[in-house]
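Fold and contact review
Given next are the chains, with one letter for each unit.
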Amino acid sequence: MNGAPRVVVVGGGLAGLSAAVACTDAGADVLVLESRPRLGGATWSFRRNGLSFDNGQHVYMRCCTAYRRFLERVGSAGDAPLQERLAIPVLRPSAGGGAPALAWLRRNDLPAPLQLGTALATYGHLGTADRLRLGRAALALRRLRLSDPALDSETFGAFLARHGQSEAAIERLWDLITLPTVNLHAGEASLALAAKVFQTGLFTESDAADLGWSRVPLATLHGDRAAAVLRAGGAAIRKRAKVTALRFADRPPGSAAGPARAIEGVVVDGETVEADAVILAVPHEVASELYGPVRGPDRDGHATTLGRSPIVDVHVVYDRKVLDHDVVAAVGSPVQFLFDTTASSGLDPADGQCVAASISGADVEQGERPAVLVVRYTRALAELFPAARHASVVDAVVSRERAATFRGIPGTAALRPRPATEVAGLFLAGAWTDTGWPATMEGAVRSGVAAAALALRSVGNDRGGSRRPGDLGRPEEVVA
Ligand SMILES: Cc1cc2nc3c(=O)[nH]c(=O)nc-3n(C[C@H](O)[C@H](O)[C@H](O)COP(=O)(O)OP(=O)(O)OC[C@H]3O[C@@H](n4cnc5c(N)ncnc54)[C@H](O)[C@@H]3O)c2cc1C
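Residues numbered from 1 in each chain as written. Predicted model: local features only at pLDDT ≥ 70, side-chain atom pairs only at ≥ 80, totals over all residues.

Scanning the chain from terminus to terminus reveals 14 helices and 20 strands. Its C-alpha atoms give the chain a radius of gyration of 23 Å, near enough to 23 Å, the size a compact globule of 480 residues would have. Counting only C-alpha atoms and orienting by the principal axes, one finds that the chain spans roughly 80 × 50 × 40 Å. The contacts of the chain with a sequence gap of at least 6 include a subset with a gap of at least 24, amounting to 71%. (Helix = DSSP H or I, 4+ residues; strand = E, 2+ residues; numbered from the N terminus. Rg over C-alpha atoms; globule rule 2.2 N^0.38 Å. Contact = placed C-beta atoms within 7 Å.)

As structure tokens, this is what we get:
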């Protein structure tokens, strides 16, 4: 490509795609190598009996600015709208089989952090004493300094207990936000990651936690649209292209101070593909295999020990409408969050409704047989939605992601590397790298844009992405 620097991006998940788009926008000669037959990484879709299902429901918040810019850039923002204002009905089944109790997590027009004040003061799933104590923990959480390394030495659950939160308050309120964002219960989640979520989502801007999600299959929203933008910009994409090794060159003795080695290329299908810069946007285990032990900022830990946390989704197709809201949360039920996925599945609403029950921190569920999960979840849905008691289940399918995210427990901050490596021209990206965010789409995109900025600088192209409106933004805004 007319002598433009060649940037090879290994991995076509959100981190790799956003890095590739940023480098393509900056005029680099980009090649994306993805081992699977599809792009999108941990966000993908499959077809069954004529309908489309996602590997797991994906949600983002208005404060996910880098991810939103990515959606804009690839032309997908209109297909993943945000709620006008955060409003989630929270149901609790009644013991006697009657109508479930309902409370709302809904913001008002007051500035942060008062926007949820009314909702919390009237949150009927907690007793008066628990509700009165919520403010104490919220204030303490708001005062935490995210840069304090001590936050990553304690669980969020321990912090909440120290600030007067009962088990009921943790289970029926705090976990509603911790589980889908950190992918662990508060009792296991790192305080550092939970504090990042609560401070960014609830304590800064009043609309920061408004929720958005896709109304088209994730494969379309991310992989297909990004591929079209990349190809239009002249980038090449190779699928089923598993990178098996990296090629390094020793820098000549006496060369200017800097890394002792430089990247030369990557090996795919037994052949070396040369590169001026390589962005390794693969999961942490693969990065460690290809590059060697990847270390966190304080250099005492290896990213290989980041562990994993599963997510399981139970998708149910009913012969009629059972759910009146597009999203519902539940407490005192196996259901955590339930989404109406009729639009993205392609089901005609006249023929029924498709719903997805998303189970985060699913250590138990990921080892259970699909038939067992389907029975448990269709029963739980019947408890929550009277209409489901009379509806027929036309189809049900379980999707499981054993390694959906890294395990965001205390101690993980020290294991997450920054994008620059000890090899000139080699950069790391991925939701598992040091973004400050839990393993999320926002973290993945941030990491990709940050790695792209460094890669472009290393090849002498500091434009750092185009500055056209709607692009991925200036990298300095997103470098963690
Ligand atoms: C079921 C589920 C639900 C989730 N829900 C949410 C949510 O609601 N909100 C949210 O923000 N986040 C959610 N996440 C997390 C989010 O999807 C991830 O954090 C993000 O997509 C990770 O992107 P990534 O690019 O860092 O990694 P990945 O998506 O894992 O991409 C890495 C890519 O590298 C490729 N690769 C691996 N080895 C090689 C090799 N040797 N050569 C070439 N390519 C290779 C892989 O095939 C993969 O495509 C969820 C995840 C799952 C699985």
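Another point: helix H7 (residues 191-202). Between its terminal C-alpha atoms H7 stretches 15 Å, which fits the 16 Å expected from 12 residues at 1.5 Å a residue. Of all 12 residues making up H7, 12 are buried, and the element is well covered by its neighbours. The set of residues buried in H7 consists of Leu191, Ala192, Leu193, Ala194, Ala195, Lys196, Val197, Phe198, Gln199, Thr200, Gly201 and Leu202. The inward-facing, buried residues of H7 abut strand E5 (59-61), helix H4 (128-143), helix H5 (156-162) and helix H6 (167-182). (Expected span 1.5 Å × (residues − 1). Buried ≥ 20, exposed ≤ 12 C-beta atoms within 10 Å, placed from the backbone.)

Ordered in space as E7-E6-E15-E16-E17-E14-E18, the seven strands form an open sheet in which the pairing is mixed. In the strand order of this sheet, the two ends are held by strand E7 (101-106) and strand E18 (393-405), each with one partner. On average, each strand axis in the sheet is tilted by 25 degrees relative to the strand beside it, whichever way the strands run. The pairing of strand E16 (residues 337-340) with strand E17 (residues 353-360) spans four bridges and is classified as antiparallel. Residue pairing across strands places phenylalanine 337 opposite serine 358, the latter belonging to E17. (Pairing = 2+ DSSP bridges. Axes fitted to C-alpha atoms, helices over the stretch in contact; angles between N-to-C directions.)

Here we take up the sheet that holds strand E20 (residues 426-428). Strand order across the open sheet formed by five strands is E9-E2-E1-E13-E20, with parallel pairing between neighbours. Two strands in the sheet have a free side with no partner beyond their single neighbour: strand E9 (236-238) and E20. Averaged over all pairs of adjacent strands, the angle between their axes in this sheet comes to 15 degrees, without regard to strand direction. With three bridges connecting them, strand E13 (residues 277-280) and E20 associate as parallel partners. In the strand pairing of E20, leucine 280 is matched with leucine 428.

Every one of the 37 residues lining the ligand counts as a neighbour, but Gly11, Gly13, Gly41, Gly56 and Thr440 are closest to it. Of the residues that constitute the shell around the ligand, the class distribution is 19 nonpolar, 13 polar and five charged. Inspection of the shell around the ligand shows a minimum of three residues originating in each of domain 1 (6-43 + 217-306 + 410-478) and domain 2 (82-107 + 308-405). (Near = placed C-beta within 6 Å. Nonpolar A, V, L, I, M, F, W, Y, C, P; charged D, E, K, R; others polar. Domains from an automatic or database assignment.)

This brings us to unusual backbone geometry. With an omega of 5 degrees, the peptide bond running from alanine 112 to proline 113 counts as cis. Mapped onto the elements, proline 113 comes out in the loop between E7 and helix H3 (117-121). With a phi close to 45 degrees, asparagine 49 is a non-glycine residue in the positive phi region. Phi at asparagine 183 is positive, roughly 65 degrees, even though this residue is not glycine. Looking at where asparagine 183 falls in the secondary structure, it is placed in the loop between H6 and H7.

With that out of the way, let us pick up the nonpolar core. Counting 149 residues, the largest nonpolar core has Val10, Ala19, Cys23, Val278 and Ile279 as its most contacted members. Looking at this core, the element that brings in the most residues is helix H13 (residues 441-458), giving 11 residues. Ignoring sequence-local partners within four residues, the contact set of isoleucine 279 consists of Val7, Val9, Val10, Gly16, Ala19, Phe427, Ala429, Ala451, Ala452 and Ala455. (Core = buried A, V, L, I, M, F, W, Y, C linked by C-beta atoms within 7 Å.)

Among the residues of H4, those classed as buried are Leu134, Ala137, Ala138 and Leu141. On the buried face of H4, the contacting elements are H3, H5, H6 and H7.

Structurally, the chain comprises domain 1 (6-43 + 217-306 + 410-478), domain 2 (82-107 + 308-405) and domain 3 (111-204). Across the boundary between the two partners, domain 1 contributes eight residues, which contact 14 residues of domain 3. Among the residues forming the side of domain 1 that touches domain 3, the class breakdown is five nonpolar, three polar and no charged.

The next subject is the packing of H6 against H7. Following both chains from N to C, one finds H6 and H7 inclined at 110 degrees, their axes separated by 10 Å at the closest point. In terms of their interaxial angle, H6 and H7 are classed as roughly perpendicular. Of the residues in H7, those in contact with Ile177, Thr178, Thr181 and Val182 of H6 are Leu193, Ala194 and Val197. When its residues are assigned to classes, the contact of H6 with H7 shows five nonpolar, two polar and no charged. (Parallel < 35°, antiparallel > 145°, perpendicular 65-115°, else oblique.)

This part covers the pairing of E16. The alternating pattern of E16 places Phe337 and Phe339 on one face and Leu338 and Asp340 on the opposite face, and all of these are buried. With three bridges joining them, strand E15 (residues 327-330) and E16 adopt antiparallel strand pairing. Among the inter-strand pairings, alanine 329 is bridged to a residue of E16, identified as phenylalanine 337. Between the end of E15 and the start of E16, which pair antiparallel, lie six residues, with glycine 332 showing a positive phi angle near 65 degrees.

So, on to the environment of arginine 133. As for its position among the elements, arginine 133 is in helix H4. A residue is classified by how many C-beta atoms lie within 10 Å of it, and arginine 133, with 17 of them, is partly exposed. For arginine 133 and alanine 169, which are 36 residues apart along the polypeptide, the C-alpha to C-alpha distance reads 9.2 Å. Among residues more than four places away in sequence, those in contact with arginine 133 are Gly164, Gln165 and Ala169.

Before going further, it helps to spend a moment on the packing of helix H2 (residues 65-73) against H13. Packing of H2 against H13 leaves a shortest axis separation of 7 Å and a crossing angle of 75 degrees. As the angle between them shows, H2 and H13 are arranged roughly perpendicular. Counted together, Ala66, Tyr67 and Phe70 of H2 and Met441, Glu442, Val445, Arg446 and Val449 of H13 form the full contact between these two elements. In terms of residue class, the contact of H2 with H13 is made up of six nonpolar, no polar and two charged.

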